[in-house]
Amino acid sequence: MMHHPLLFLHITSVVIWVGGMFFAYFCLRPAAAQLLEPPQRLPLWVATFSRFFKITTLAIVTILATGFMMLMQVGMKFAPVGWHIMLSTGLLMTFVFVYVYVVLYPKLSRQCDAATWPAAGATLNTIRKLVGFNLL
């Protein structure tokens, strides 16, 4: 009986995380690059990430918690192969997110505060590539 609420929370959290990455990658990034110079564009990304990463952290915690709960309901041994693939993929994506949030985002923020735009642009480009990897 608990499966349906867990599945709803799980899927909703996935939509928030992946949908947010999709929006940022395919909509916000090209528009910001087209309309804004680095001194405006890069701080926009820092401000956007500051909000998005908080929401994403909650979504990832929810995804992992609900995923493990549903997995434990059937047992790891009896779970379909697809669930094990989802778990592996989700953990890899989570590690990428943690690296971006804990290492690259603070670096980008410091570079923007120091107005070192070429370095900040390079860091944002690394984040862009990792977001692209997670979207795949």
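You'll find the structure just up there.
Residues numbered from 1 in each chain as written. Predicted model: local features only at pLDDT ≥ 70, side-chain atom pairs only at ≥ 80, totals over all residues. Heavy atoms only, no water.

Digging into helix H3 (residues 81-113)
- End to end, H3 covers 47 Å across 33 residues, agreeing with the expected 48 Å (1.5 Å per residue, within 8%).
- Taking the largest bend as the criterion, H3 deviates by roughly 35°, centred on Leu 104, and proline Pro 106 comes between one and four positions later.
- Positive phi appears at Ala 115, one or two residues downstream of H3, with a value of about 60°. (Helix = DSSP H or I, 4+ residues; strand = E, 2+ residues; numbered from the N terminus. Expected span 1.5 Å × (residues − 1). Bend = angle between axes of the 7 residues up to and from the residue.)

Brief notes about the nonpolar core
- In this structure, Trp 17, Trp 45, Phe 49, Phe 53, Leu 108 and Ile 127 are the most contacted members of the largest nonpolar core, which totals 25 residues.
- Among the elements of the structure, helix H1 (3-35), helix H2 (38-74), H3 and helix H4 (117-135) are those that each provide at least two residues to this core.
- Per-element accounting of this core gives the leading share, 8 residues, to H2.
- Every residue in contact with Phe 49, bar those within four places of it in the chain, is listed here: Tyr 105, Leu 108, Leu 124 and Ile 127. (Core = buried A, V, L, I, M, F, W, Y, C linked by side-chain atoms within 4.5 Å. Buried < 20%, exposed > 50% of the residue type's maximum accessible area, 1.4 Å probe, protein only. Contact = heavy atoms within 4.5 Å.)

Structural notes on the packing of aromatic side chains
- Summed over all chains, the structure comprises 12 aromatic pairs.
- Geometrically, the ring pair formed by Phe 52 and Phe 53 is tilted, given 6.2 Å between the ring centres and 50° between the ring planes.
- Look at Phe 52 and you get buried, because its relative accessible area is 18%.
- With a centroid separation of 5.5 Å and 40° between ring planes, the pair formed by Phe 97 and Tyr 101 is classed as tilted. Of this pair, Phe 97 and Tyr 101 both sit in helix H3, separated by 4 residues, roughly a single helical turn.
- Overall, Tyr 101 belongs to the partly exposed group, its relative accessible area being 27%. (Phe/Tyr/Trp six-rings, centres within 6.5 Å; stacked < 30°, edge-to-face > 60°.)

Quick look at the environment of Arg 41
- Relative to the helices and strands, Arg 41 is located in helix H2.
- Assessed through its relative accessible area of 19%, Arg 41 is described here as buried.
- Along the backbone, Arg 41 and Trp 117 are 76 residues apart, and their C-alpha atoms lie at a distance of 9.8 Å.
- Setting aside chain neighbours within four positions, we find Arg 41 in contact with Ala 32, Ala 33 and Leu 36.

A closer look at the environment of Leu 136
- As for its position among the elements, Leu 136 is in the segment after H4.
- As a C-alpha pair, Leu 136 and Leu 87 span 49 residues in sequence and 15 Å in three-dimensional space.

Comments concerning the packing of H1 against H4
- Running from N to C, H1 and H4 point in directions that differ by 130°, and their axes come no closer than 10 Å. Considering their axes alone, H1 and H4 lie oblique with respect to each other. As H1 runs across H4, the sense of the crossing is left-handed. Side by side, H1 and H4 meet where Trp 17, Val 18, Met 21, Phe 22, Tyr 25, Phe 26 and Arg 29 of the first sit next to Arg 128, Val 131, Gly 132, Asn 134 and Leu 135 of the second. (Axes fitted to C-alpha atoms, helices over the stretch in contact; angles between N-to-C directions. Parallel < 35°, antiparallel > 145°, perpendicular 65-115°, else oblique. Left-handed = near helix turned anticlockwise from the far one by under 90°.)

Honestly, it's all geometry; don't read function into it.
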